Amino acid sequence: MGEGPQPVQTLVVQHASSTSIVFTCTKCGLCCKNLDKSMVYAHLDRGDGTCINFDSHSHICKIYSSRPLICRVDDFYEQNLSAPEFIE
Ligand code: SF4
């Protein structure tokens, strides 16, 4: 998949307890316009809380296919939060 506009993404996370979390992106842009709320995104903040890679016109990430791990919710969950100690 290229760097152009991406389809709306639906994310399904399956917990060990068989509980599913379904999240459908509506491209509101709020995830990428509030980076100043967390220090882990500081390197992406263009100075007003909005990411340097956020396209304000399309509300889509300009580097979607190569975005950082902290922006890939499903992969971040698998690598950092899916361990048994993080699941009730
Ligand atoms: S890299 Fe892309 S997904 Fe991550 S905060 Fe920036 S615009 Fe959003």
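Our structure's up above, just so we're on the same page.
Residues numbered from 1 in each chain as written. Predicted model: local features only at pLDDT ≥ 70, side-chain atom pairs only at ≥ 80, totals over all residues. Heavy atoms only, no water.

Novice: Help me understand the packing of aromatic side chains, please; the structure alone is not making it clear to me.
Specialist: For any pair of aromatic rings, the description rests on two quantities: the centre-to-centre distance and the angle between the ring planes. What the rule picks out here adds up to 0 aromatic pairs. The ring of Tyr64 carries Arg67 above its face, with NZ or CZ at 3.8 Å from the centroid. (Phe/Tyr/Trp six-rings, centres within 6.5 Å; stacked < 30°, edge-to-face > 60°. Lys NZ or Arg CZ within 6 Å of the ring centre and 35° of its normal.)

Novice: Any chance you could explain the environment of Cys61 here in plain terms?
Specialist: Along the polypeptide, Cys61 turns up in strand β4 (residues 60-61). In this structure, the C-alpha to C-alpha distance between Cys61 and Cys51, residues 10 residues apart in sequence, is 8.8 Å. (Helix = DSSP H or I, 4+ residues; strand = E, 2+ residues; numbered from the N terminus.)

Novice: Sorry if this is basic, but what is going on with the site of the ligand here?
Specialist: Around the ligand, the surrounding shell consists of Cys32, Leu35, Cys51, Asn53, Phe54, Cys61, Pro68 and Cys71. For the shell around the ligand, the per-class residue count stands at 7 nonpolar, 1 polar and no charged. (Near = heavy atom within 4 Å. Nonpolar A, V, L, I, M, F, W, Y, C, P; charged D, E, K, R; others polar.)

Novice: Help me understand the pattern of salt bridges in this model?
Specialist: Any two side chains of opposite charge can pair, so long as their charged atoms come close to each other. For the coordinates displayed, the defined rule picks out 3 salt bridges. Arg46 is the partner of Asp48 in a salt bridge, and the nearest nitrogen-oxygen pair spans 3.0 Å. Judged by its relative accessible area of 45%, Asp48 is partly exposed. A salt bridge links Asp75 to Arg72, with the shortest nitrogen-to-oxygen separation between them at 2.7 Å. Owing to a relative accessible area of 23%, Arg72 belongs among the partly exposed residues under this scheme. (Salt bridge = Lys/Arg side-chain N within 4 Å of Asp/Glu carboxyl O. Buried < 20%, exposed > 50% of the residue type's maximum accessible area, 1.4 Å probe, protein only.)

Novice: What is the right way to look at unusual backbone geometry in this model?
Specialist: Even without glycine at this site, Lys27 takes up a positive phi of about 60°. Topologically, Lys27 is positioned in the loop between β2 (20-24) and β3 (54-55). Under the relative-accessibility criterion, Lys27 is labelled partly exposed at 31%. Its identity is not glycine, yet His59 carries a phi of approximately 60°, on the positive side. Relative to the helices and strands, His59 is located in the loop between β3 and β4.

Structural measurements only, silent on function.
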